[in-house]
Amino acid sequence: MDSKEIILNVEKLNTTFISDKKKIRIVKDVSFQLKRGKTLAVVGESGCGKSVTMNSIMRFTGKNAIVEAKNIQYNALKDGKVEEHHLESIKEPNGPEMRALRGPDLSMVFQDPMSSLNPVYKVGDQVAEGLLQHNKGMTKQQAREKVLEMFRKLGIPDPEERIDCYPHQFSGGMKQRVVIAIAMICNPELIICDEPTTALDVTIQAQIMELLKDLQVNDGKSIILITHNMGLVAEMADEVCVMYMGRVVEFGTLEDVFDRTSHPYTKALLRSVPVLGLADGQKLETIPGATPNPADLKEGCEFADRCPECTEKCRKGVIPCYEVNPGHHVRCTKYSSFPEVE
Amino acid sequence: MMDNKEVIFKIENLQTWFPITKGMFKKVVGHVKAVDDVSLEVYKGETLGIVGESGCGKSTFGKTAMMLEKPTGGRVLFNFNGEFKDVTKFNKDEMFSFRRKVQMVFQDPYSALNPQKKIYSSFEEPLKVHGIDSMEEREEVMRKVLKMVNIQPDYLMRYPHEFSGGQRQRLCIARALEVMPEVLICDEPVSALDVSIQAQVLNLMKEIQKEMNLTYLFIAHDLSVVQYMSDRIMVMYLGRIVEVADSRALYDEPLHPYTKALLSAIPVADIHHKKNRQVLEGEVPSPIHKPDGCPFHNRCPQCMEICKTQAPRMVHHGAEGHMVACHLYDKEAPKA
């Protein structure tokens, strides 16, 4: 596929953390592509490496992390021409090159709106900061106008008054809107949302999700949505990437993953969520055991110990990915008759 | 629902208000009406689910039912072998006997176990307090409850940090079961857990309920979890009950506009599921300055004139036991 259609191409991303002089690989050979104007959902339980993957792409990882990748390519579309950026080769994670990309091209919405705003600055100033940083010559008044416009778009009531308020004067849902405003103000092409609604109530979650959907439909943005809620995935995503213990175990379109679920882990994940309107006496299926410690993993498939369909083959080496359908990749030995991908 | 309904808890006009004080002399300038005029009966052996958004008073309700929070008004009657006694007027000794019957499981298993104590001492304490003096007896009880939650008895000598989140929540449940309570109040028992672990704990709780004929008050914000667990569900909004119904009836035929909106806001993990989402405007008002009339009227899509001035009563509508507080269903109320 040509680079006009693909906005982000990640190949063999590895992130290793150094803890107590031990090296722990948290993200292992993660590869995926995101098409322009689409939503990719990254799902998995806590500790599966979904946030670390995104932080590695944005180069937000701390000093004790080593990020290696064959390719992290971001294709910006400027006036019909494609500009390629190779994020893995940018030397300084907080240098001018990376900073120029964050904001106008790539941006991120973090999980906890309570802690991602600075309590001692007015919200308007926090939103305007990115604008002033990236547009030299813009006056504060112009920036204020832009922020007001953004607040109106995001449905924050009385923006003229609220722009001069401090974060503690906002409720959780409104704070998350401000955080989204910060991420959106420079009109980025790709927005990474890291569990944007986990801290919020369902009715507020529905509001925020409608908002993100509108932004995507009207402005053609690409979104990566990190979540553990399969319901949100079903409503928002075009493509789904399921992760377990640092590896992508299943990748495909929404229909592939929900209708032709292939990996035993994805199957178990979908069945263990309580669904409204479950028949009386119907029991939830459970995944036995708990997620293993990433510091002492055994050879073979990471899910083998909890998998109901585990065989001898699962205990050896690294399990490759198989393409069960065009674009539908599954990392499981059950599908070894299909062509291998990498 | 149970056929022979024996009431175990009778809650009448319960109010829990927290005072807001100001100035040097702590003058009371207002109240947070966390629980405001809640009346309800809980039947023996059932699971009553309590749902609502954050700040709706569901946790305070649970705590007040257990007398961890002193109510400002109303009565909590508990069935002591057929005799109803008002728990709010209990002295210290009587409270002791009440606490043996009603136990609580808290939300966060990471902070509910003392990190400096071995599981053994955390588990021994409630037994000592409730007068089981012989060590052998205590150990026998501990082993028994650990077996119920599928944790090996030799883990007693470990510290809490050696357990995973799911194991810790199971330990908390086991500790609550030690004194053989009749009622277990569970305040968001699975919301801190991952989905795969959540299912394990929920199924375990169901099994234990059958085994011990327990009554659960199951508090959670996740309606799908509550629906899975409960026989009846009570929906709360701003400290008041808006709807009580059989779990199935609430899902099939929600009556109150708030319940409808809450149900439609839940994302469904099924891509063929089509629904008309009803997105509620605005947010929950502050429990300090509650709106006049129906607390939900300023967000309600079906708000009428009367809703702005007059608070709705609880009325029966539809199936047996289905109660709703909404003017739409109150035939006797004057319509504007």
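Just above, that's the structure.
As the structure is a prediction and not an experimental result, all values here were calculated from the model.

Colleague: So what's going on with the overall build of chain A? Which residues, and what values?
Modeller: Within chain A, the secondary structure is distributed over 10 helices and 13 strands. A compact globule built from 342 residues would reach a C-alpha radius of gyration of about 20 Å, and chain A, at 21 Å, matches this within 12%. Projecting the C-alpha coordinates of chain A onto the three principal axes gives extents of approximately 65 × 55 × 45 Å. Taking all 342 residues of chain A together, 44% fall into the buried category. For chain A, the proportion of contacts with a sequence separation of at least 24, taken over those separated by at least 6, is 61%.

Colleague: Before we move on, could you go through the overall build of chain B and cite the residues and values that matter?
Modeller: Regarding its fold elements, chain B presents 10 helices and 12 strands. For a compact globule of 336 residues, the expected C-alpha radius of gyration is about 20 Å, and chain B comes in at 21 Å, within 12% of that figure. The principal-axis extents of the C-alpha atoms in chain B amount to approximately 70 × 60 × 45 Å. Taking the intrachain contacts of chain B between residues at least 6 apart in sequence as the baseline, contacts between residues at least 24 apart amount to 65%.

Colleague: Any chance you could break down the environment of Leu280(B) for me, citing the residues and the numbers?
Modeller: By secondary structure assignment, the location of Leu280(B) is in the loop between α9 (257-265) and α10 (305-309). C-beta crowding within 10 Å serves as the criterion here: with 24 such atoms nearby, Leu280(B) is assigned to the buried category. Taking the C-alpha atoms as reference, Leu280(B) lies 53 Å from Glu140(B); in sequence the two are 140 residues apart. Those residues in contact with Leu280(B), other than ones at most four positions away along the chain, are Thr203(A), Ala261(B) and Arg299(B).

Colleague: Give a description of the sheet that holds strand β4 (residues 73-80) of chain B that names residues and reports values.
Modeller: Hydrogen bonds between backbone groups are what pair the strands of a sheet, and the pairing can be parallel or antiparallel. All names here are of chain B. The 4 strands lie next to each other as β2-β1-β4-β5, forming an open sheet whose pairing is antiparallel. In this open sheet, the two strands that pair with only one neighbour each are β2 (27-43) and β5 (83-86). When strand polarity is set aside, the average angle formed by the axes of neighbouring strands in this sheet is 25°. As paired strands, strand β1 (residues 7-22) and β4 are joined by 5 bridges and run antiparallel to one another. Bridge pairing in β4 links Lys10 to Leu77.

Colleague: Lay out the pairing of β4(B) with the relevant residues and their values.
Modeller: All names here are of chain B. As defined by bridge partners, β4 adjoins β5 across 4 bridges and the pair is classed as antiparallel. Bridge pairing in β5 links Asn79 to Phe84. Hairpin geometry of β4 and β5 is characterised by an intervening segment of 2 residues between the two adjacent antiparallel strands and by a positive phi of about 45° at Asn81.

Colleague: Talk me through the interface of chain A and chain B; I want residue IDs and the actual numbers.
Modeller: With 38 residues of chain A in contact, the opposing surface of chain B contributes 32 residues. Mapped onto the side of chain A that touches chain B, the elements with two or more residues apiece are α7 (202-219), α8 (230-236), α9 (254-259) and α10 (264-271) of chain A. In terms of residue count, α7(A) provides more of the side of chain A that touches chain B than any other element does, 7 residues in total. Here the residues of the side of chain A that touches chain B sort into 19 nonpolar, 12 polar and 7 charged.

Colleague: Before we move on, could you go through the pairing of strand β5 (residues 81-86) of chain A and cite the residues and values that matter?
Modeller: Residue and element names in this part refer to chain A. Within β5, only 0 of the 6 residues are buried, leaving the element largely exposed. Alignment of strand β4 (residues 65-78) against β5, held across 6 bridges, turns out to be antiparallel. Note on β5: the bridge partner recorded for Gln73 is His86.

Colleague: Any details on the sheet that holds strand β9 (residues 232-237) of chain B? Residues and values, ideally.
Modeller: Residue and element names in this part refer to chain B. Spatially, β6-β7-β8-β3-β9-β10-β12-β11 is the arrangement adopted by the 8 strands of the open sheet, whose pairing is mixed. The sheet is open, and its two edges are formed by β6 (102-105) and β11 (314-316), each paired on a single side. Neighbour-to-neighbour, the strand axes of the sheet open up by a mean angle of 20°, direction not taken into account. With 2 bridges connecting them, strand β10 (residues 240-246) and strand β12 (residues 323-325) associate as antiparallel partners. Of the residues in β12, the one forming a bridge with Glu243 is Val324. The strands that helix α1 (residues 58-65) touches are β3 (47-51), β7 (183-187), β8 (215-219) and β9; relative to β8, the one it contacts most, it runs at about 150°.

Colleague: Any details on the packing of helix α3 (residues 123-134) of chain A against helix α6 (residues 172-184) of chain A? Residues and values, ideally.
Modeller: Working note: a packed helix pair is described by the angle between its axes plus the distance between those axes. Residue and element names in this part refer to chain A. The interhelical angle for the contact between α3 and α6, taken along N-to-C directions, is 20°, at an axis separation of 8 Å. Between α3 and α6, the angle is such that the two are roughly parallel. In this structure, α3 meets α6 at a crossing whose hand is right-handed. Contact residues: Val123, Gln126, Val127 and Gly130 in α3; Val178, Ala181 and Ile182 in α6. Of the residues that constitute the contact of α3 with α6, the class distribution is 5 nonpolar, 2 polar and no charged.

Colleague: Mind laying out the nonpolar core, listing which residues take part and the relevant values?
Modeller: In terms of nonpolar packing, the biggest core is built from 182 residues, with Leu217(B) and Phe218(B) touching the most fellow members. Once residues within four sequence positions are removed from consideration, Leu217(B) is found in contact with Val42(B), Leu48(B), Ile50(B), Gly62(B), Ala65(B), Val183(B), Ile185(B) and Cys186(B).

Colleague: A description of unusual backbone geometry should follow, citing residues and the corresponding values.
Modeller: All names here are of chain A. Positioned with a positive phi, Asp29 is a non-glycine residue whose angle comes to about 45°. One non-glycine residue, Asn187, lies in the positive phi region at around 55°. Take Asn187: there are 15 C-beta atoms within 10 Å of it, and that puts it in the partly exposed class.

Calculation notes
Residues numbered from 1 in each chain as written. Chains lettered and ligands numbered in written order. Predicted model: local features only at pLDDT ≥ 70, side-chain atom pairs only at ≥ 80, totals over all residues. Helix = DSSP H or I, 4+ residues; strand = E, 2+ residues; numbered from the N terminus. Rg over C-alpha atoms; globule rule 2.2 N^0.38 Å. Buried ≥ 20, exposed ≤ 12 C-beta atoms within 10 Å, placed from the backbone. Contact = placed C-beta atoms within 7 Å. Pairing = 2+ DSSP bridges. Axes fitted to C-alpha atoms, helices over the stretch in contact; angles between N-to-C directions. Nonpolar A, V, L, I, M, F, W, Y, C, P; charged D, E, K, R; others polar. Parallel < 35°, antiparallel > 145°, perpendicular 65-115°, else oblique. Left-handed = near helix turned anticlockwise from the far one by under 90°. Core = buried A, V, L, I, M, F, W, Y, C linked by C-beta atoms within 7 Å.

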